[in-house]
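# Analysis of the macromolecular model
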Amino acid sequence: MKKIISTLVIASTIVLPVFGQEYFQFEKRENSLENKYESTYKQHDHIQNYQLASIVDFTHDSSDLISEYIDYLLERFEDKNKIILPYEIVIYEDILETYLKAVDLINIQIKSTQDKKRQLALQVLKVETFRPLYESINFNKQIRRITNDFINSPKSQIKNMRTTQDEVINKNFISALEESILNNISNEKNENLYDDFLVTSKIYKNVSSGESIKGLAKKKIFWKKFSDKSSGVLTSITSSLSRGFGALVGNIAWRDGHLKDNQKLRQELYSELKPFDILLEKKKYKLTDYTIPGYWGHAGVYVGTKEQLISEGLWENKELKPFHKIIESGKTIFQVRRSGLVWNSIEEFIDLDEMGIIRIKNFNKEKINKEVLLEKLMEQAGKSYDYSFNTYTTSKITCTEIVAFSYGRINWPTESLLGRKTFTPNHLTSLLFYKDSPIELIKYVGSSKDGKRLDLNLQDLGKTVNYVQNENVAGSYLLKGEKCKRELVSRRRGERKYRYSCVDTYTETSYSRE
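Read on for an overview of the structure.

Thresholds applied
- For every chain, the first residue of the written sequence is number 1, and numbering continues from 1 onward in sequence order.
- This being a predicted model, a pLDDT of at least 70 is required before a residue's local features are given, and a value of 80 or more before pairs of side-chain atoms are given or counted; all residues contribute to the totals for chains, interfaces and linings.
- Side-chain metrics in this entry use all non-hydrogen atoms of the structure; hydrogen atoms and water are not considered.
- The convention used is that axes are lines fitted to C-alpha atoms, helices contributing only their stretch in contact, and that angles between N-to-C directions extend from 0 to 180 degrees.
- Strands here mean DSSP runs of E at least two residues long; helices mean DSSP runs of H or I at least four residues long; both are numbered from the N terminus.
- These descriptions rest on fixed angle ranges, namely under 35 degrees for roughly parallel, over 145 for roughly antiparallel, 65 to 115 for roughly perpendicular, and the rest for oblique.
- Any two residues whose heavy atoms approach within 4.5 Å at even a single point are treated as in contact.
- Three classes are used, and their members are as follows: Ala, Val, Leu, Ile, Met, Phe, Trp, Tyr, Cys and Pro are nonpolar, Asp, Glu, Lys and Arg are charged, and the others, Gly among them, are polar.
- For salt bridges, the criterion is a side-chain nitrogen of Lys or Arg within 4 Å of an Asp or Glu carboxyl oxygen.
- Any helix carries an expected span of 1.5 Å times its number of residues minus one.
- A 1.4 Å probe rolled over the protein chains alone gives each residue an accessible area, and that area as a share of the maximum for its type sets the label: buried under 20%, exposed over 50%, partly exposed in between.
- Two N or O atoms count as a polar contact when they lie within 3.5 Å, although within protein this holds only if one can serve as hydrogen donor and the other as acceptor, and sequence-adjacent residues are included solely when both atoms are side-chain atoms.
- Definition used in this section: a nonpolar core is a set of buried Ala, Val, Leu, Ile, Met, Phe, Trp, Tyr and Cys residues joined via side-chain atoms within 4.5 Å.
- When DSSP finds two or more bridges between a pair of strands, those strands are recorded as paired.
- Here, the term disulfide refers to a pair of cysteine sulfur atoms separated by no more than 2.5 Å.

Here we take up the packing of helix α4 (residues 116–139) against helix α5 (residues 141–152). One can describe the packing of α4 onto α5 by two numbers: an axis separation of 5 Å at closest approach and a directional angle of 110°. Here α4 lies roughly perpendicular to α5, going by the angle between them. Every residue of α5 that contacts α4 at Ile137, Asn138 and Phe139 is listed here: Lys141, Ile143, Arg144 and Thr147. Of the residues assigned to the contact of α4 with α5, the class counts are three nonpolar, two polar and two charged.

See the structure below:
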């Protein structure tokens, strides 16, 4: 017979894993390149007016940036003491997209000119910048999977990645390029800018010195692709099971939410909510609520009314314009459910039993640009539900992943599950109780068993995610856990008896911006 012994233990402080500040600089450089693309290249009134020098400059800048960022991600993947934020994956996609805009520009130029030397210079530029990128991506399984996920996304802006890859590392293409360079070498005069570029390129120098570049042709990566597919089988199975189960029980409910018709709550929300507040949802009357890990089952984002967004200077944002009529109709809450993107009004959303409002304390301190946040949020529209709950796949999303992909530099708590990082409403909520947390609780409303409204506080919310007040430090909370062990207490005639002892642990968790 087992015996439980419960004692109290105060454990050491836990700090969120470190994330790098370096990616802030990568983001700034990507924005600068994007602005350069918009302001410089789009000013030309005809495609032939593009100068080769501008194309070379933009291509090399964007190629250097994506190569450096991949190195940064690789370093973090290999260091167990560091993490990669979901938002950093979004930045990777943005930087890769910027480089591929340069490739698009090169391809358009090649097709639009009859100048053979100009075509050769552009082809060399494309190979010289793309080939190192191809090797970097295929060097690491995680980078390769993330990149393939980008390409397979229905909203992908980098679908030319695969066609460029098939061309640039093709044996016939490389052979033809080498032949073109050899034909050009016969003319030793540097007659124009194309010659100036060619003679300084590494590929051109190699061929000029008698070295073949045919080794740049496609290398066999069968085992890498096979490894990706085989290791993804478990994820695929769990995703399919989750999708099937969700379809089976998703609509099973036995009543309406206790707060559905609460007029007072409705008016309070109209006056208290601010753009980008995060809304927690608890529906005790739905079967899915009992199948989701953790107490909280869903989260949505309050985007704001037309008047609020005008006041913030965000109403004319290009990503928001397709949703103007929806917002003007009163549907101001943006969320992802298993059926896809859903816009709700406040009246529709409060068909629930409990809700919480979470707000970023200081957008400036967290270096969050609201316009970028809104753009990233709206870019999630049209994506399907992520039944594998993997924060490193941006082609599919969950209710909390839209927050992780949009709210910039917030270091959200995540959990490893079956080889992937997950981020649930409970994880989101738990950040409220970290020391120096970047978020705060604005409101927490629940209901009793007989349907009466209950006004609750942060201490009440803590119980839902296993946090309790620290009696020794005002305003501080501790994560409550349990640690158990089995001890052999006697052995008689081949029979063994064990005693199970458990201790309660209370741990302070701290937020890291480093």
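Past the structure itself, the notes keep going.
The next thing to look at is the pattern of salt bridges. Counting across every chain of the model gives 18 salt bridges. A single salt-bridge network, built from bridges that share partners, covers Lys264, Glu268, Glu272, Lys443, Arg453 and Asp455.

Between its terminal C-alpha atoms α5 stretches 16 Å, which fits the 16 Å expected from 12 residues at 1.5 Å a residue. Buried residues of α5: Ile143, Arg144, Ile146, Thr147, Asp149, Phe150 and Ile151, and no others. Taking the backbone nitrogen of Gln142 as reference, a side-chain oxygen 2.9 Å away marks Asn140 as the first, capping residue of α5.

If you look at the biggest cluster of nonpolar residues, it comprises 55 residues, and the most contacted ones within it are Tyr92, Leu96 and Leu133. Elements with a minimum of two residues in this core: α2 (52–78), α3 (86–112), α4, α5, α6 (160–168), α7 (171–185), α8 (193–200) and α9 (202–208). Here this core takes 12 residues from α3, the largest share from any one element.

Across the sheet, which stays open at both edges, the seven strands sit in the order β6-β5-β4-β3-β7-β12-β13 with antiparallel pairing between neighbours. Of all the strands in the sheet, the pair left with one neighbour each is β6 (340–344) and β13 (453–456). Put simply, the sheet's adjacent strands are angled 25° from each other on average, direction ignored. The sheet contact formed by strand β3 (residues 277–282) and strand β4 (residues 298–302) spans five bridges and is antiparallel. For Asp277, the partnering residue across the bridge sits in β4 and is Tyr302.

Where helix α16 (residues 370–378) is concerned, the buried positions are Leu373, Leu374, Lys376, Leu377 and Met378. Here the buried face of α16 lies against α3, β4, β5 (333–337), β6 and α17 (401–406). Among the residues of α16, the N-terminal cap falls to Asn369, whose side-chain oxygen and the backbone nitrogen of Glu371 are separated by 2.8 Å.

Now for the pairing of strand β7 (residues 354–360). On a regular strand, one side chain projects to one face of the sheet and the next to the other, so that they alternate. Where burial is concerned, most of β7 is hidden: seven out of the seven residues are buried. The side-chain alternation of β7 yields two buried faces, one formed by Glu354, Gly356, Ile358 and Ile360 and the other by Met355, Ile357 and Arg359.

On to the state of the cysteines, then. Per the counting criterion, the structure on display carries one disulfide. Two residues, Cys484 and Cys502, share a disulfide whose sulfurs are 2.0 Å apart. When the S-S torsion is 110°, as for the bridge of Cys484 with Cys502, the disulfide is right-handed. Note that Cys484 is positioned in strand β15 (residues 477–492) and Cys502 in strand β16 (residues 495–507), a separation of 18 residues in sequence.

Let us now look at the side chain of Ser447. Among the structural elements, Ser447 can be located in strand β12 (residues 439–447). On the basis of relative accessibility, which here comes to 10%, the residue Ser447 falls in the buried class. At a separation of 3.0 Å, a polar atom in the side chain of Ser447 contacts the main-chain carbonyl oxygen of Asp353. Sequence-distant contacts of Ser447, that is, excluding residues within four places in its chain, are made with His258, Leu259, Asp353, Glu354, Lys452, Arg453 and Leu454.

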